[in-house]
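# A structural walkthrough
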Amino acid sequence: GALAAGSPLFLTDLNAPMNFSEIQFVLAGPINSLFESFFECEGGPLFLNAMVMATLLKMGTYYGFMQPSYLWHFQERYGQSWTVGHHLYGCSVANPLKKGN
């Protein structure tokens, strides 16, 4: 009689194994606090500005330094000359750079 009058919690297994299909609910709290602290509050503008500045620095380095130096090297090496390419694509003119016969 006393068992029948007890709470249904007496029938609950308190040592239930982990249900891995509910892992998103376990990780939701830490992920939410991470987003709130880094992306929504005082860290949000800092993070966004850092990403924009890193992108601008990378683009500036490439388009301001790497690409012009490559283009200058290519122009100095091959510009206004027939030292490359004239013997390709079916042209029968002999290549003056080719050693041998």
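All of these numbers come straight from a predicted model, not from anything done at the bench.

It is worth spelling out the overall build of the protein at this point. Tallying secondary structure elements over the protein gives two helices and zero strands in all. Per-residue burial for the protein yields a buried fraction of 3% across its 101 residues. By element, 67% of the accessible surface of the protein is carried by carbon and sulfur atoms, the whole surface being about 9,500 Å².

Okay, the packing of aromatic side chains next. Inspection of the entire model under this criterion finds one aromatic pair. Between Y62 and Y63, the ring centres sit 4.8 Å apart and the planes meet at 80°, which makes this aromatic pair edge-to-face. Since its relative accessible area comes to 42%, Y62 is described here as partly exposed.

Thresholds, definitions, all that
Residues numbered from 1 in each chain as written. Predicted model: local features only at pLDDT ≥ 70, side-chain atom pairs only at ≥ 80, totals over all residues. Heavy atoms only, no water. Helix = DSSP H or I, 4+ residues; strand = E, 2+ residues; numbered from the N terminus. Buried < 20%, exposed > 50% of the residue type's maximum accessible area, 1.4 Å probe, protein only. Areas by Shrake-Rupley, 256 points an atom, 1.4 Å probe, with all protein chains shown as cover. Phe/Tyr/Trp six-rings, centres within 6.5 Å; stacked < 30°, edge-to-face > 60°.

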